[in-house]
Amino acid sequence: MKIMNGLKLTAAVLTMFLLIPTGFAQTTIVVDWALDEEPNNNQHTCSYTQGGLFFPDNTGSGAGKCTLRRALREAGAISDDAFCSGCTPITIVFTGLNGTNADADDSQFNNGQWILPIADGASTSDFGLYPQSITDVDGPIFLQGLPVDVQHFNEMPKIMVQSDATLEIEISDVTIENMGFFGGMSVMANEANMTFQNNVWGLTPDGLDMAFADLANDANYLAGNHGILSTHKADNLTVENNIITGASTFAVEINSATTGVSVIGNWIGTNITGSIPIVPEHLKCRAFVSPFNPVNPPLEPTEWFGGAGISAAGTGLVIQDNTIVGLQNIRSTNDTPPEALTVFGALHTIENNIIGQNTTGISQGVCGQGIKFSTRTDISNPQNNGHLVIDNIIDSARNGFENTKGAILWTDTSNASFRDGGNTVRRNLVINGPEKYYEIGPMLATDIKTFEPAEITSISGTQIAGGNHPSNVFGNPSPCPNCIIDFYLDDGDANEEGLVHLGSTIADNNGDFTFTLPAPLPPGFGIRTTSTSQSNDIIPNTWAGQTTAMSKQVYGLINDIIFKDGFE
């Protein structure tokens with residue numbers, strides 16, 4: 001029998017090679033069976049033989065079948081050039097499934113969609129992509145469901161994997177796309193250069209409801225712990241255009257040692273339409289006397305549990321263009337509500353995320369903090385590790401902790417030996433906020449917390465003028481030469497909000513500024529300000545780029561601006 005790239009050239013393998021997309025895969029593995037046959041066996045592959053270590057199943061109900069578990073095992077085995085030279089790139093596809101031929105797996109097929117159950121137990125074999133040796137952990141490997149577009153056309157994946165197992169990936173250069181996961185399944189990214197795109201986690205096959213993993217026994221597990229969880233090796237991870245709902249810990253959790261990570265364009269907490277069902281007011285964001293089974297008070301069918309948001313650490317991450325809405329979990333009164341964006345580490349860009357609005361711009365809120373971040377301090381080689389938190393929308397967020405009140409929260413602990421911050425918080429909108437627009441946390445230095453943003457001293461039509469704030473709570477001025485001054489529209493209620501970003505200007509060397517509004521202020525609205533330094537220590541003991549808290553004053557709200565020179 002001839003050998004081709006280490007594979008026995010059987011009829012099944014001939015078919016496999018005929019299905020290779022031109023210019024894409026060197027090897028294509030075709031899944032043709034939906035059931036998880038003999039899940040305890042650690043040697044069965046689809047068609048690859050390597051002595052007594054890997055071989056196809058030739059007996060029993062699974063004989064000759066290519067299941068997803070076997071396809072993953074085979075892909076991992078042949079990804080190593082030492083055992084299968086020239087076999088990569090490898091693509092796993094599902095074009096061999098047939099739901100109308102009266103086979104035993106036909107019951108897994110309904111209305112063009114396949115449910116692939118994966119056994120999970122103490123005796124089941126490994127489920128994932130594993131290399132044969134530590135000397136070659138490179139792909140590339142592509143796991144591709146049938147073509148759909150989950151966001152643009154609101155199409156649920158045609159391949160839905162149902163399991164509480166964790167799909168472990170210990171090979172680099174892996175792409176997973178067009179797949180659905182429910183029943184508690186998380187994906188663990190253990191190597192570099194992975195891409196997850198156009199997938200769905202945590203929804204029922206029709207995409208309209210959150211799919212509890214174990215409602216009867218562990219309701220607060222929701223749809224599972226995570227969608228995607230990375231380890232310290234998962235550099236250059238891309239998570240893009242997915243839908244992840246019902247994650248009880250975090251939808252996406254990025255390890256602190258990683259770099260080059262992008263989390264872009266995902267919908268977190270929504271159903272397949274990019275929205276959530278209408279929840280009655282008395283059920284919104286409620287806590288429970290007992291969050292464990294039996295849950296007390298009992299769950300109502302009109303509640304929505306979108307789970308938690310994104311937790312990101314590491315260096316230089318890009319978290320951009322995500323929609324995060326409907327976050328809620330099953331918790332007791334003293335537990336922390338699910339946070340939308342929680343960010344640690346250094347030099348991240350958090351930009352153009354929409355929190356609390358669905359994909360059509362309708363306000364539906366989240367049950368916890370909008371954005372919470374802290375900034376890494378490099379003790380041996382101090383540098384500015386500040387984040388860019390810019391152009392985000394936070395609508396109807398709630399307090400994350402009893403002692404914090406900000407839709408945006410900077411939480412660090414100051415050390416007089418090192419500069420803090422460098423965090424630029426600009427052009428973000430906060431609508432129907434919890435109390436404060438942007439809070440500088442309780443463990444940061446008093447000089448930072450009490451540094452006041454620019455003061456507006458005159459408004460005449462569309463013309464604004466002002467300068468440094470003359471007196472903080474201790475009576476001290478807040479000089480801010482050459483600072484960037486941002487202007488936000490707010491109304492007269494008790495909460496600090498940025499309903500519209502009106503524009504910005506740069507103060508002169510004395511901290512003085514002028515600005516022209518795009519239009520006169522509407523009745524019942526005024527202006528709040530923030531200031532962002534452009535040099536170190538303008539805000540005491542902080543790096544350049546640090547933004548102040550928002551002004552307490554809503555300037556121009558009742559046309560009572562007091563001028564420095566005493567004129568009215």
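Coordinates for the structure precede this section.
So, here is what we can say about the structure in this document. (Residues numbered from 1 in each chain as written. Predicted model: local features only at pLDDT ≥ 70, side-chain atom pairs only at ≥ 80, totals over all residues. Heavy atoms only, no water.)

1. Concerning helix α2 (residues 68-78)
Note: α-helices contain 3.6 residues per turn, so residues at a spacing of three or four share the same orientation.
Thought 1: Among the eleven residues that make up α2, eleven are buried, leaving the element largely enclosed by the rest of the structure.
Thought 2: The complete set of buried residues in α2 reads Leu-68, Arg-69, Arg-70, Ala-71, Leu-72, Arg-73, Glu-74, Ala-75, Gly-76, Ala-77 and Ile-78. (Buried < 20%, exposed > 50% of the residue type's maximum accessible area, 1.4 Å probe, protein only. Helix = DSSP H or I, 4+ residues; strand = E, 2+ residues; numbered from the N terminus.)

2. Some words on the side chain of Asn-423
Thought 1: Tracing the backbone through its elements, the reader meets Asn-423 in the loop between β33 (406-410) and β34 (424-426).
Thought 2: Assessed through its relative accessible area of 0%, Asn-423 is described here as buried.
Thought 3: Of the polar contacts made by the side chain of Asn-423, one reaches the side chain of Thr-375; its length is 2.9 Å. (Polar contact = N/O pair within 3.5 Å; in protein donor to acceptor, adjacent residues only side chain to side chain.)

3. Re the pattern of salt bridges
Thought 1: Within the structure shown, the criterion is met by 13 salt bridges.
Thought 2: Asp-57 serves as the salt-bridge partner of Arg-70, at 3.0 Å between the closest nitrogen and oxygen. With a gap of 13 residues between them, Arg-70 in helix α2 and Asp-57 in the loop between β5 (55-56) and α2 connect regions that are remote in the sequence.
Thought 3: Judged by relative accessible area, which is 2%, Asp-57 ranks as buried. (Salt bridge = Lys/Arg side-chain N within 4 Å of Asp/Glu carboxyl O.)

4. So, the sheet that holds strand β37 (residues 455-460)
Thought 1: Overall, antiparallel pairing links the three strands, which are arranged β37-β38-β41 in an open sheet. If you trace the sheet from one side to the other, it starts and ends with β37 and β41 (513-516), each paired once. Direction aside, the axes of adjacent strands within the sheet are offset by 20° on average.
Thought 2: Note that β37 and strand β38 (residues 463-467) share five bridges and pair antiparallel. In the sheet register, Glu-455 faces β38, and the bridge partner there is Gly-467. (Pairing = 2+ DSSP bridges. Axes fitted to C-alpha atoms, helices over the stretch in contact; angles between N-to-C directions.)

5. Some remarks on the environment of Gly-503
Thought 1: Within the secondary structure layout, Gly-503 lies in strand β40 (residues 500-506).
Thought 2: For Gly-503, a relative accessible area of 15% gives the class buried.
Thought 3: Taking the C-alpha atoms as reference, Gly-503 lies 41 Å from Asp-209; in sequence the two are 294 residues apart.
Thought 4: Setting aside anything within four residues of it in sequence, one finds Gly-503 in contact with Ile-485, Asp-486, Phe-487 and Phe-515. (Contact = heavy atoms within 4.5 Å.)

6. What to know about the side chain of Asn-41
Thought 1: Counting through the fold element by element, Asn-41 comes out in the loop between β3 (27-30) and β4 (44-45).
Thought 2: Ignoring sequence-local partners within four residues, the contact set of Asn-41 consists of Arg-73 and Ser-125.

7. A few points about the sheet that holds β3
Thought 1: The eleven strands lie next to each other as β3-β6-β10-β13-β16-β19-β22-β25-β28-β31-β34, forming an open sheet whose pairing is parallel. On the outer flanks of this sheet lie β3 and β34, each paired with one strand and no other. Shown here is a sheet whose adjacent strand axes are inclined to one another by a mean of 5°, direction ignored.
Thought 2: The pairing of strand β10 (residues 138-144) with strand β13 (residues 172-177) spans five bridges and is parallel. Across the sheet, the residue bridging to Leu-143 is Ile-176, located in β13.

8. Here we look at the pairing of β33
Thought 1: Counting buried positions over the five residues of β33 gives five, a clear majority of the element.
Thought 2: As defined by bridge partners, strand β30 (residues 371-373) adjoins β33 across three bridges and the pair is classed as parallel. Of the residues in β33, the one forming a bridge with Ile-371 is Ile-408.
Thought 3: Pairing geometry for β33 and strand β36 (residues 436-440), over four bridges, is parallel. The residue of β36 that forms the bridge with Gly-406 is Lys-436.

9. Overview of the state of the cysteines
What makes a disulfide is a covalent bond joining the sulfur atoms belonging to two cysteines.
Thought 1: Inspection of every chain in the model, using the stated rule, returns four disulfides.
Thought 2: Between the sulfur of Cys-84 and that of Cys-87 lies a disulfide, 1.8 Å long from S to S. Its S-S torsion of about -40° marks the bond between Cys-84 and Cys-87 as left-handed, since a negative value means left-handed.
Thought 3: You can call Cys-87 buried: its relative accessible area is 0%.
Thought 4: Disulfide pairing is shown between Cys-480 and Cys-483; the S-S distance is 2.0 Å. For the disulfide bridge between Cys-480 and Cys-483, the dihedral angle about the S-S bond is near -85°, and by the sign convention the bridge is left-handed. The same class applies to Cys-480 and to Cys-483, which are both buried.
Thought 5: Numbered by position along the chain, the disulfide-linked cysteines of the protein connect as 1-2, 3-4, 5-6, 7-8. (Disulfide = S-S within 2.5 Å.)

Geometry only, nothing functional implied.
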